[in-house]
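# Structural overview
Okay, here's what each chain looks like letter by letter:
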Amino acid sequence: MGAYDKARARTATDPQSFWAEAATAIAWSTPPTRILEDSQSPLFRWFADGELNTCFNAVDRHVEAGRGEHPVIHYDSALTGTQETLTYRELRDAVARFAGVLADHGVSRGDRVIIYLPMIPQAVIAMLACARLGSVHSVVFGGFAAAELAARIDDARPTVIVTASCGLEPTRVVPYKPLVDEAIALSTHPPQHTIVWQRPEMVVDLGPRDVDWHSEEGKASPRDCVPVMATDPLYILYTSGTTGKPKGIVRDNGGHAVAMAWSFANVYGMGPDDVFWAASDVGWVVGHSYIVYAPLITGATTILYEGKPVGTPDAGAFWRVIEQYRVNALFCAPTALRAIKREDPEGDRIADYDLSSLRTLFLAGERLDPDTYHWAAMRLGVPVVDNWWQTETGWPIAANMRGLEPMPIKPGSPTKPVPGYDVRVLDHAGGECAPNVEGAIAIRLPMPPGTLPTLWGDDDRYISGYLAEFPGFYSTGDGGFIDEDGYVFVMGRTDDVINVAGHRLSTGSMEAVVASHPVVAECAVIGVHDEIKGQVPRALVVTKSGITVDPDTLAEEIIRAVREEIGPVAALKSVVIVSALPKTRSGKILRRTMRGIAEGRHEAVPSTIEDPAVLEAITPLLRG
Ligand code: COA
Ligand code: AMP
């Protein structure tokens, strides 16, 4: 039996001893004795009586072990030309000081802190400072608009918000502070303070609620790590759900720390002397897990890159970073490679750089199409490793395990379930599908450490949204199949979540904005195929009868409204007026059928369809 089969067998038959052993990689102030708490099933908790501090594990521990001078973060902003390296000691001192600033502004154990920051070291410092105090961070991606931020403020009820004066996009400075002010004005549970990091690209005036990061830091005294229960929340990360209301995914401290250490070594094959680059954003789960926590808990070096894969300055941007920092593994979304491929189809820029340090390219966040796989594999000459996971799990569900036991790669598949995840493909009745037969992908409970224990303040929504469809299982929301060799193939979402440039978005929430336009009678937002972004939203609207509208003006207004309500990241650029939407005889819009056509699946058209000609008429609009 190989290492993979052994680990899978152990996690299936004796998960407690397997994960207790994995937990020895973590420094506990009170080591856990209760490994899996199942008395509240279907809610499970790992390491329930253990106590630890995640910041201590990610930072202080390495300084105490004599690695204080080891580089922890290479910060590289292609947008400002800044390059800066922080050591573990420097990071520890900065985090301890900022923890003092937070504490001076009323933040203590269990309090929430919303972090709305661009890709600058202060984002990592703020996250770790929260962890240091035992408070709970909630990082919100900068591409979301004020209303989305307000919804998160009202759900998390933070004591403070930490932000910067601005973010940067290649063509513009994005004012963050006014957006935060607007969100606070919209919210019903405003924070006591906004702590502002002033960036030289845009210095903003501060109001009565605001405090300046830099000057407060000079006054604050450093704080020590506060031990918390393993089950205490480390962070909340909001993600798109099937309704407009975002879901607050909770991550605990203990299970998360164990999962980060274990996955970094076993899935990604990384150790303390490696340089890992997750070219994502700290606002997404990939950023939380593999820009920040996993590399740091391991004592490795991470790259914090502000910029895009192309245009900053060109299609060689990624290869320059790999050469400069001797990066051992790059992790990005397939969309980033498609963007590079469009600019540099033959990959000529790759030869301009020394990429000999690179061992592996990891891709995740959306389906890896075989064309992108082959392009990258041929040009980079390293294993290209697809891995499938979600904000909810926090780390890979299926992967080719580079540390534990590399396996042959099948393009189109993220390989096999990671030990700890008992992945099944189920039919509508909950029965298991035969090999190669597509169904709903579910994971038998309990899921391994580090996966979500619940949704913030809403056990009922967690149970009804994830655990009710197939009792005893967590529903991933993805459809797919497992082949005769046990390889998992993930074909796409079965709900209204779409993946735009590796960003997870809800078409339901976009529909809510589109439908609120006064001339729209009804609408559907469908993710249609896009060469670079994988999917992009397209709004199909039926206007109210008797009203004459100019299609261009209507499109412009709807696009602006989605941008203002949800944010530029929603990337809605296409609005088409149609005479009708396909419906059942009882009047239900056939969204699932439209989604199936858009994704190239052979969805059977329901026999209850009211008028097949309506579906036929819009079919070309669903095909990208
Ligand atoms: N703050 C403010 N605005 C932001 C933003 C941020 N943090 N991030 C994105 N936006 C804006 C962009 O400027 C753009 O605005 P525009 O419509 O005015 O041009 C819009 O949101 C859409 O952004 P994006 O989808 O990123 O498109 P893009 O054309 O700027 O870049 C890619 C396309 C493919 C290069 C880019 O999306 C990418 O690198 N994606 C990888 C994503 C990723 O790493 N995901 C994590 C999973 S591993
Ligand atoms: P997020 O929560 O933003 O990480 O998005 C999770 C969703 O992205 C999953 O439910 C999938 O639909 C999709 N996804 C992530 N990784 C992959 C992958 N490797 N292959 C196919 N789909 C993926």
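Residues numbered from 1 in each chain as written. Chains lettered and ligands numbered in written order. Predicted model: local features only at pLDDT ≥ 70, side-chain atom pairs only at ≥ 80, totals over all residues. Heavy atoms only, no water.

The next subject is the domain arrangement of the chain. For the chain, the assigned domains are domain 1 (3–307 + 389–476) and domain 2 (500–623). In this structure, domain 1 and domain 2 have C-alpha centres spaced 33 Å apart. Facing the 19 residues of domain 1 at the interface are 14 residues of domain 2. Summing both partners gives a buried area of about 1,200 Å² for domain 1 against domain 2, and 51% of it is carried by carbon and sulfur. Its residues assigned to classes, the side of domain 1 that touches domain 2 shows five nonpolar, nine polar and five charged. (Domains from an automatic or database assignment. Contact = heavy atoms within 4.5 Å. Buried area = accessible area lost by both parts, 1.4 Å probe. Nonpolar A, V, L, I, M, F, W, Y, C, P; charged D, E, K, R; others polar.)

Quick look at the nonpolar core now. Grouped together as the largest cluster of nonpolar side chains are 120 residues, with contacts concentrated most on L102 and Y290. The dominant element in this core, judged by the number of residues it contributes, is helix α5 (residues 121–133), at 10 residues. (Core = buried A, V, L, I, M, F, W, Y, C linked by side-chain atoms within 4.5 Å. Buried < 20%, exposed > 50% of the residue type's maximum accessible area, 1.4 Å probe, protein only. Helix = DSSP H or I, 4+ residues; strand = E, 2+ residues; numbered from the N terminus.)

Time to look at the sheet that holds strand β26 (residues 488–493). Across the sheet, which stays open at both edges, the four strands sit in the order β23-β24-β25-β26 with antiparallel pairing between neighbours. Edge positions in the open sheet fall to β23 (422–426) and β26, since each of these has one partner strand only. Across the sheet, the mean angle separating the axes of adjacent strands is 50° when strand polarity is ignored. Examined bridge by bridge, strand β25 (residues 473–482) and β26 share five bridges and lie antiparallel to one another. Across the sheet, the residue bridging to G480 is V490, located in β26. (Pairing = 2+ DSSP bridges. Axes fitted to C-alpha atoms, helices over the stretch in contact; angles between N-to-C directions.)

Time to look at the site of ligand 1. Lining the immediate environment of ligand 1, one finds 23 residues, of which E169, K308, K533, R563 and K573 sit closest. K308 is positioned such that a nitrogen or oxygen atom in its side chain is 2.7 Å from an oxygen atom of ligand 1. The fraction of the free accessible surface of ligand 1 (940 Å²) that becomes covered by protein chains is 83%. Residue composition of the shell around ligand 1, grouped by class: 11 nonpolar, six polar and six charged. Summarising the domain contributions, the shell around ligand 1 has at least three residues from each of domain 1 (3–307 + 389–476) and domain 2 (500–623). (Near = heavy atom within 4 Å. Polar contact = N/O pair within 3.5 Å; in protein donor to acceptor, adjacent residues only side chain to side chain. Areas by Shrake-Rupley, 256 points an atom, 1.4 Å probe, with all protein chains shown as cover.)

Counting buried positions along strand β20 (residues 384–388) gives five out of five residues, so the element sits mostly inside the fold. Both faces of β20 are covered, namely the face carrying V384, D386 and W388 and the face carrying V385 and N387. In the sheet, strand β19 (residues 360–363) pairs with β20 via three bridges, with the strands oriented parallel. Across the sheet, residue L361 finds its bridge partner in β20, namely V384. Each parallel crossover has a hand, and the one from β19 via helix α13 (residues 370–380) to β20 is right-handed. (Right-handed = clockwise from strand over helix to strand, strands pointing away.)

Here we take up a positive patch on the surface. A contiguous patch of positive charge on the surface is contributed by R172, K533, R563 and K573. Considering the arrangement of structural elements, one finds K573 in the loop between α16 (551–565) and β31 (574–577). (Patch = residues over 30% accessible without salt bridge, like charges linked within 9 Å, V, L, I, M, F, W, Y side chains within 5 Å. Salt bridge = Lys/Arg side-chain N within 4 Å of Asp/Glu carboxyl O. Lys, Arg positive; Asp, Glu negative; His and termini not counted. Charge placed at Lys NZ, Arg CZ, Asp CG, Glu CD.)

Near ligand 2, the surroundings consist of 15 residues, among which D386, T391, D478, R493 and R504 are the closest. Within the contact set of ligand 2, a nitrogen atom lies 3.4 Å away from a backbone nitrogen or oxygen of E366. Between ligand 2 and N387, the relevant distance is 2.8 Å, taken from a nitrogen atom to a main-chain nitrogen or oxygen of the residue. In isolation ligand 2 exposes 490 Å². Once the protein is present, 94% of that is buried. When residues of the shell around ligand 2 are traced back to their parent elements, those giving at least two are β20 and β26. At three residues, β20 tops the list of elements feeding residues into the shell around ligand 2. In terms of residue class, the shell around ligand 2 is made up of four nonpolar, five polar and six charged.

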